[in-house]
Number of protein chains: 4
Amino acid sequence: MSARSRAWQLLEATDSNDTVAKWVNYFLLGLVFLNVVAVILGTVESLQSRYRACFDYFELFSIMIFSAEYIGRMWSCVEDPRFAHPVTGRFRYAFHFMSLMDLAAILPFFTPFIATDTRATRIFRLLRLVRIVKIGRYYKTLTLFAAVVREKREELILTTVLMFMLLILSACLMYYCENEVQPDKFSSVPQSMWWSIETLTTVGYGDIYPVTTLGKIFSGMISILGLGMFALPAGILGAGFVEEIQKRKKIAKYCPHCGKEIQ
Amino acid sequence: MSARSRAWQLLEATDSNDTVAKWVNYFLLGLVFLNVVAVILGTVESLQSRYRACFDYFELFSIMIFSAEYIGRMWSCVEDPRFAHPVTGRFRYAFHFMSLMDLAAILPFFTPFIATDTRATRIFRLLRLVRIVKIGRYYKTLTLFAAVVREKREELILTTVLMFMLLILSACLMYYCENEVQPDKFSSVPQSMWWSIETLTTVGYGDIYPVTTLGKIFSGMISILGLGMFALPAGILGAGFVEEIQKRKKIAKYCPHCGKEIQ
Amino acid sequence: MSARSRAWQLLEATDSNDTVAKWVNYFLLGLVFLNVVAVILGTVESLQSRYRACFDYFELFSIMIFSAEYIGRMWSCVEDPRFAHPVTGRFRYAFHFMSLMDLAAILPFFTPFIATDTRATRIFRLLRLVRIVKIGRYYKTLTLFAAVVREKREELILTTVLMFMLLILSACLMYYCENEVQPDKFSSVPQSMWWSIETLTTVGYGDIYPVTTLGKIFSGMISILGLGMFALPAGILGAGFVEEIQKRKKIAKYCPHCGKEIQ
Amino acid sequence: MSARSRAWQLLEATDSNDTVAKWVNYFLLGLVFLNVVAVILGTVESLQSRYRACFDYFELFSIMIFSAEYIGRMWSCVEDPRFAHPVTGRFRYAFHFMSLMDLAAILPFFTPFIATDTRATRIFRLLRLVRIVKIGRYYKTLTLFAAVVREKREELILTTVLMFMLLILSACLMYYCENEVQPDKFSSVPQSMWWSIETLTTVGYGDIYPVTTLGKIFSGMISILGLGMFALPAGILGAGFVEEIQKRKKIAKYCPHCGKEIQ
């Protein structure tokens, strides 16, 4: 086996019996996870000022590993029949979603003249977290989720459209009720929409709420209507899961007595 | 084909192969959408003062198009067998829900002596958004929603009645607990109902909450009871979706006695 | 037919073709509804001071009607085979839940020496609202609700027990985290339980919340755990509705081909 | 029957016809419950200062009973075939989850040199509450819950992972939007995560919320996305209950080909 072929095997871990490949991937996933922790903790002033050197060294180390991985992938991807052509195959691989994520995670480091705020660019490294879903046993579950969402696509879109209409109508209504009494809070319809979202999602921070009697009556009606509307996705998704699971079960079911397939 | 027949075809877009009719309807829907955006942005003081001319011209343009559409519909509706009579048919068409919405969207512009606040009347143009649901592929989904709500009509009404009873009882209870300590917040039962709605929908702005021990105990019990009660619609709608989808599928079932299919 | 038998028919409206009985019951229900509105509006200071006479006359009128109804029921209940005995039958009828509600609604008026605050006693009239559920078409739905709750009794009780355990554990945890920093807010475990209820039901008024880092971390974990736990009732009730509806449908289903029953 | 065998029977109450064992267990459960109440009320300053003696005596009494129970269990556990060996059997029993809970509930009392704050250690007595779930009729329900959670394990883990990713991404996004305007509120990503949890669980205390336009737009999108994601567990668990109940019922199904029953 060529070194390039081995590199591809190690990086993609397609063979579940390949222990080395598995550990390489766990190491890379672990590094992604530590990078996420570093991005999060790096924003804490007190930690940043005290352990600046640690953060910087870890940064440098991560970038080196990720760059090596990216170069390795670009070099070895031609082993995959889909990207076999040395030039166009590599190009197509480079423009895959996952590859672009990987590039976005390292590019800012090498282009200091573009990135003025390196902290902002480190956020791209979070996107590498999506690799986590490729772990075998969760992948099947993810396809179940995707199947349910795809199956119920139109119901979910329609619910979203209805929600947006309720959002806009309630924001307009509230603007006309409250604008005069609270011109600083309900200063415009977009501001009222902030109230609408807070109320319909039942977050209710309390930074903006109606004070007029009419506003309170409408607000109450909108809250209850919204609650019913936001109960729809749970119902739709619940029904979708019941349906999808039954469908998956029904694929090839055989009668134990006569051995024939039951549809 | 007469011009009137063609006009009706273009405005109603009943034939899905009619590309021109499709584009006419997309243009009208797009204009409705832009009107909604204009109504929303038109309330932002800074935008309004700077782009007043743009808003006014767009307003004029929209009204002209919508008026032309309304006249066109009124003229050509007799092509539809349901509204065939030149006078009574047109009258009946004019009093359809959709037609009244369309009229409400343009009328205020032509009656300045009635409408003192033109901003308030522009809100009627939002109602034209309901035309959006007539788009073919979402229409089928909407009928599913409508079927579920119709099927579960009585359960939903009963839940609403139970909620209202809980709302009123909890508001009265809270009024007697908190009125003495917070006479400005829980000043009357209607005021307490505002607290009840906030709490039962779990919005909780924080402008009004119990402070007495008894009030907190009752509030806790009401919150938990309310949460269970508000879990009912999700459960009912979920069961309704499961039921309706199974009904629509008409799964081929076989009688265990004679082995024939049951529809 | 005797007058007593007719009175019983009018008050109970057991025969759905009896138009007079139907209207008598609608009148009584309407009066109950108006009483509820009067109780609610009677607490608004401005309305009370201006329309005191109206409220008082309506009060007197309602009490007279309700008293007449109560006496009528007590007199005529012996027509029902279940309460046929003139003395013990009437006693048993008087101790039914509905009858006690009716008595509670009128008794305070006749016992001024007991009731110090007549406003507080008027709240009992709200309880007459429960008569609303006896309206035929909603009664069947209510039995569905009752069947689902009875069927899922143990699941719901266990969920409630688990919730209480989470409530108590989180309150204790939060007390040890926050007591030192916010001794006025988290002054004791019962006070912390108020926070727990607010958080687990996601109401979140904002009058009490953790400020320490440890408190915030625990609070976050508790919120997410609580959200999952409070998703249980919706799931249980949803499954219960699916189950109950299928069970009701399956009662006596016949094959259209051979006419035999399908289990 | 030996005294040791009888002690084991009394403490474990394996035989549901053994009335004495049932009452011993009810007494122990009741004492656990009273201990929980005592732990909660013991934190209320006014009660503690007035009834200190009562609390102390009850404490002493409880510890004695619980110690006696623990010693009894340790002495008699060899009656159970699983823990038959006098030394290793007892050791294995002592390291069971339930036994460790029991030990944690009494140990702090006997180790004053370790426990500096006896109040903090009393919290372990709450953990004895888990014995409550061993009550027969709820045990079956608990196994249903456990079966559903186990069956849907991977879906729930994946939902949790997706939630965490949304949590982290939204916290980072918000930090970059709001840090400059509200450096005291959104001071770091961990602080923003507190906002994310508050918002995604829809608690919304109101101690921290976005004020910039961009922050509000992202916040609105995150709220709606989060609401959909948090509707997933309800849907998954609902589907899980439907599935599990159907599985337990083992509905007699017939093969359409040979007509025989399929288990």
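## Quick look at the overall build of chain A
The helix and strand inventory of chain A stands at 11 helices and 2 strands. Listed by position from the N terminus, the elements making up chain A come as α-α-α-α-α-α-α-α-α-α-α-β-β. Here chain A holds 263 residues, and 48% of them are scored as buried.

## So, the side chain of glutamate 244 of chain C
By the element assignment, glutamate 244 of chain C lies in helix 11 (residues 213–250). Residues in contact with glutamate 244 of chain C, not counting those within four places in the same chain, are Leu144, Ala147, Val148 and Glu151 of chain C.

## Section: the packing of aromatic side chains
Residue and element names in this part refer to chain A. Per the counting criterion, the structure on display carries 36 aromatic pairs over all chains. Here tryptophan 194 and tyrosine 205 contribute two aromatic rings whose centre-to-centre distance is 6.1 Å and whose plane-to-plane angle is 25 degrees, an arrangement assigned as stacked. Placement of tryptophan 194 in helix 10 (residues 189–200) and of tyrosine 205 in the loop between helix 10 and helix 11 (213–250) is noted, with a sequence separation of 11 residues between them. Of the aromatic side chains, those joined through ring pairs into one cluster are Trp8, Phe83 and Tyr93.

## Points about unusual backbone geometry
Residue and element names in this part refer to chain C. Look at threonine 202: it is not a glycine, yet its phi comes out positive at around 60 degrees. Secondary-structure assignment places threonine 202 in the loop between helix 10 (189–200) and helix 11. Look at threonine 202 and you get buried, because its relative accessible area is 9%.

## Remarks on helix 4 (residues 52–76) of chain C
Compared with an ideal rise of 1.5 Å per residue, which puts 25 residues at 36 Å, helix 4 of chain C spans 36 Å between its outermost C-alpha atoms and is within 8% of the ideal. Every buried residue of helix 4 of chain C is listed here: Phe55, Glu59, Ser62, Ile63, Phe66, Ser67, Glu69, Tyr70, Gly72, Arg73, Met74 and Ser76 of chain C.

## So, the environment of proline 190 of chain B
Tracing the chain through its elements places proline 190 of chain B in helix 10 (residues 189–200). Accessibility expressed as a relative area gives 31% for proline 190 of chain B, which makes it partly exposed.

## Focus: the packing of helix 4 (residues 52–76) of chain A against helix 6 (residues 97–110) of chain A
Residue and element names in this part refer to chain A. Where helix 4 meets helix 6, the axes come as close as 10 Å, and the angle between the chain directions of the two elements is 135 degrees. When the axis of helix 4 is compared with that of helix 6, the two are oblique. Here helix 4 and helix 6 pass one another in a crossing that is left-handed. Residue-level contacts link Glu59, Leu60, Ile63, Phe66, Ser67, Glu69, Tyr70, Arg73 and Met74 of helix 4 to Ser99, Asp102, Leu103, Ala105, Ile106, Phe109 and Phe110 of helix 6. Looking at the contact of helix 4 with helix 6 residue by residue, the class counts come to 10 nonpolar, 2 polar and 4 charged.

## Re the pattern of salt bridges
Going through the model one piece at a time under the given rule, you end up with 24 salt bridges over all chains. A salt bridge links arginine 6 of chain D to aspartate 18 of chain D; the nearest nitrogen and oxygen atoms lie 2.9 Å apart. Note that arginine 6 of chain D is positioned in helix 1 (residues 3–12) and aspartate 18 of chain D in the loop between helix 1 and helix 2 (19–41), a separation of 12 residues in sequence. Classification of arginine 6 of chain D as partly exposed rests on a relative accessible area of 28%. Take aspartate 18 of chain D: its relative accessible area is 11%, and that puts it in the buried class. Where glutamate 69 of chain D meets arginine 73 of chain D, a salt bridge forms, and the shortest distance between an N and an O atom there is 2.8 Å. Taken together, the positions of glutamate 69 of chain D and arginine 73 of chain D, both in helix 4 (residues 52–76) and 4 residues apart, correspond to about one turn of that helix. The buried category is assigned to arginine 73 of chain D, whose relative accessible area is 3%. Within the structure, one salt-bridge network assembled from shared partners comprises Glu69, Arg73 and Asp102 of chain A.

## Considerations on the environment of alanine 105 of chain C
Inspection of the secondary structure assignment puts alanine 105 of chain C in helix 6 (residues 97–110). Sequence separation of alanine 105 of chain C and alanine 147 of chain C is 42 residues, and the distance between their C-alpha atoms is 29 Å.

## A closer look at the packing of helix 1 of chain D against helix 4 of chain D
Residues and elements named next belong to chain D. Remark: helix 1 packs on helix 4, axes separated minimally by 9 Å, with the N-to-C direction vectors making an angle of 125 degrees. On the basis of the axis angle, helix 1 is oblique to helix 4. Considering the relative orientation of helix 1 and helix 4, their crossing is left-handed. Two secondary-structure elements touch here, helix 1 through Ala3, Arg4, Ala7, Trp8, Leu11 and Glu12 and helix 4 through Glu69, Gly72, Arg73, Trp75 and Ser76.

## Here we look at the environment of serine 99 of chain D
Residue and element names in this part refer to chain D. Inspection of the secondary structure assignment puts serine 99 in helix 6 (residues 97–110). With 88 residues separating them along the chain, serine 99 and serine 187 place their C-alpha atoms 45 Å apart. For serine 99, the contacting residues outside a window of four places in its chain are Tyr70, Met74, Tyr93 and Ala94. For serine 99, the side chain forms a polar contact with the main-chain oxygen of tyrosine 93, separated by 2.8 Å.

## Brief notes about the confidence of the model for chain A
Residues with a pLDDT of 70 or more make up 83% of chain A, whose mean pLDDT is 81. Scoring the predicted complex yields pTM 0.84 and, for the interface, ipTM 0.81.

## Concerning a nonpolar patch on the surface
All names here are of chain A. A cluster of nonpolar residues, Leu60, Met64, Phe109 and Phe110, forms a patch on the protein surface that exposes about 400 Å² of accessible area. Contributing elements (two or more residues each) for the nonpolar patch: helix 4 and helix 6. Locating phenylalanine 110 in the fold gives a position in helix 6.

What counts and what doesn't
- Residues numbered from 1 in each chain as written.
- Chains lettered and ligands numbered in written order.
- Predicted model: local features only at pLDDT ≥ 70, side-chain atom pairs only at ≥ 80, totals over all residues.
- Heavy atoms only, no water.
- Helix = DSSP H or I, 4+ residues; strand = E, 2+ residues; numbered from the N terminus.
- Buried < 20%, exposed > 50% of the residue type's maximum accessible area, 1.4 Å probe, protein only.
- Contact = heavy atoms within 4.5 Å.
- Phe/Tyr/Trp six-rings, centres within 6.5 Å; stacked < 30°, edge-to-face > 60°.
- Expected span 1.5 Å × (residues − 1).
- Axes fitted to C-alpha atoms, helices over the stretch in contact; angles between N-to-C directions.
- Parallel < 35°, antiparallel > 145°, perpendicular 65-115°, else oblique.
- Left-handed = near helix turned anticlockwise from the far one by under 90°.
- Nonpolar A, V, L, I, M, F, W, Y, C, P; charged D, E, K, R; others polar.
- Salt bridge = Lys/Arg side-chain N within 4 Å of Asp/Glu carboxyl O.
- Polar contact = N/O pair within 3.5 Å; in protein donor to acceptor, adjacent residues only side chain to side chain.
- pLDDT = per-residue confidence, 0-100.
- Patch = residues over 30% accessible without salt bridge, like charges linked within 9 Å, V, L, I, M, F, W, Y side chains within 5 Å.
- Areas by Shrake-Rupley, 256 points an atom, 1.4 Å probe, with all protein chains shown as cover.

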